[in-house]
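Structural features, examined
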Amino acid sequence: MNSLGPFAVSALMTDLHLNTFQAGIWSTVEMVAYAGAMFGISPWAAGLHLRRVALVAGIMVVMAQGASAIVASYGILLALRLLAGTGLGMLNAVVNIGSARSHAPARRLSLVMIVQTVVFTVASLLLPQAAALGGRTGVFGFLALLVVFLLPLMGFTTSRSSIPRSHRVSITRSGERSCVHSRFIIAAVVFYTSGSLAIWPFSAHVGHLAGLTNTAFGWLAAVANIGGLAMCIAGSLLGDGRAAFRLLAPAVLLTALACVVQAVPWSISAFCTAFLLNYALWFFIYPNLIGIACRMDPSGRLATLCSGAWMISQASVTPLSGLLGRNGHFLGVGLLGMGNCLVSTLLVVGLYFSMHGRIRNRSMSQHRLRKNKQVYARSGLGPVRA
């Protein structure tokens, strides 16, 4: 629904003649409601009945999209966007909490994003036809019917958790130590999302400045979508082990470099490469960051807070990026994105050593202890207990 937002905004501006400010407020209300729903639901994550929440949230989205197809009042449209954003936030919380209750959260999230990418691709092909046939009614009607079609599948959602509401773990299911404070993973998500998304709303404009036509940019977006799908598949195969965690910091660092090149491209090939990297790496980095939060807190509360923080950072960085690029030069936006991603890289490195370093030290100490016992046993200096 969020990815398909531009189709809805375009239909509203065409049919109701909204200006860009009104359309921006309309989108912002949805993002704020989206984040608010995730923050509000997080305290009850451990004992939540996910199937019921998913069904209620899905019905809320259907009602909001269906009514938006026929309502003409801007005030009512904003209220409907509040309803839709709340429902979408609840659904995102269900995904995060359900993933946290599984044994491989990052793999589960990668599989979710594969399905999401396929649905987005199909919907992107059909929505222009719906717009041509029915205008705003066709677009919002299609969005409502899409959720109606998927609503029965929400009955397969994990129901209740076996984790007590107050459950806290010192060692996660994957053997990592969750000694690090939850603020660090939330900060890593905020800095990464605000960094990688800083230039994103202006990508088409910068691409045109680099020399790409509208058709060429459309093909680039299609290739990037295929790259994102491939990255999701690779992430699901890699799973939740240390290998994926080790690759996380280099991936965020590569995104930091791509942010600058994407904002100030010196050639078409440079822009295309940076665009593809930023887009595709998102499908590896984001599920793994949320997967870490799931492993730190198997109740799903921390992962839900991370996604809520992501929406707030996205809603905040876009106006700032617009301000920095108001003169038509986006170097400041690129540097902002790079700086935020570099901070996220440092946080990810710190998280890795905090969660794995003590285990390594403990295993090395145990290895030295066993070796010393063997030496004593061979030398006859004392008895050795197995």
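Residues numbered from 1 in each chain as written. Predicted model: local features only at pLDDT ≥ 70, side-chain atom pairs only at ≥ 80, totals over all residues. Heavy atoms only, no water.

A rise of 1.5 Å per residue sets the reference length of helix α6 (residues 182–196), with its 15 residues, at 21 Å; its end C-alpha atoms lie 22 Å apart and thus fit the reference within 8%. Buried residues of α6: I185, A188, V189, Y192, T193, S194, G195 and S196, and no others. (Helix = DSSP H or I, 4+ residues; strand = E, 2+ residues; numbered from the N terminus. Expected span 1.5 Å × (residues − 1). Buried < 20%, exposed > 50% of the residue type's maximum accessible area, 1.4 Å probe, protein only.)

Enumeration over the complete set of coordinates arrives at two salt bridges. A salt bridge links D15 to R136; the shortest N-O distance between them is 2.8 Å. Placement of D15 in helix α1 (residues 5–16) and of R136 in helix α5 (residues 105–150) is noted, with a sequence separation of 121 residues between them. Overall, D15 belongs to the partly exposed group, its relative accessible area being 39%. Residue classification places R136 among the buried positions, given a relative accessible area of 8%. (Salt bridge = Lys/Arg side-chain N within 4 Å of Asp/Glu carboxyl O.)

Taken together, V118, V122, L125 and L126 make up a surface patch of nonpolar side chains, about 360 Å² in accessible area. Here L125 shows up in helix α5. (Patch = residues over 30% accessible without salt bridge, like charges linked within 9 Å, V, L, I, M, F, W, Y side chains within 5 Å. Areas by Shrake-Rupley, 256 points an atom, 1.4 Å probe, with all protein chains shown as cover.)

When we look at a pair of aromatic rings, we describe it by the centre distance and by the angle of the planes. Taken as a whole and assessed by the stated rule, the structure comprises 14 aromatic pairs. One aromatic cluster is present, formed by W200, F217, F271, F275, Y279 and F283 through successive ring pairs. (Phe/Tyr/Trp six-rings, centres within 6.5 Å; stacked < 30°, edge-to-face > 60°.)

A few words now on the environment of L50. Mapped onto the secondary structure, L50 falls in helix α3 (residues 50–68). Owing to a relative accessible area of 0%, L50 belongs among the buried residues under this scheme. Considering only alpha carbons, one finds L50 and V94, 44 residues apart in sequence, at a separation of 5.9 Å.

Right, let's get into the packing of α6 against helix α11 (residues 301–324). Contact geometry for α6 and α11: axes closest at 8 Å, N-to-C directions at 35 degrees. Pair α6 / α11 crosses with right-handed handedness. Note on element contacts: α11 touches α6 through L302, L305, C306, A309, W310, S313 and V317, opposite S182, I185, I186, V189, V190, T193 and S194. Its residues placed into classes, the contact of α6 with α11 shows 10 nonpolar, four polar and no charged. (Axes fitted to C-alpha atoms, helices over the stretch in contact; angles between N-to-C directions. Left-handed = near helix turned anticlockwise from the far one by under 90°. Contact = heavy atoms within 4.5 Å. Nonpolar A, V, L, I, M, F, W, Y, C, P; charged D, E, K, R; others polar.)

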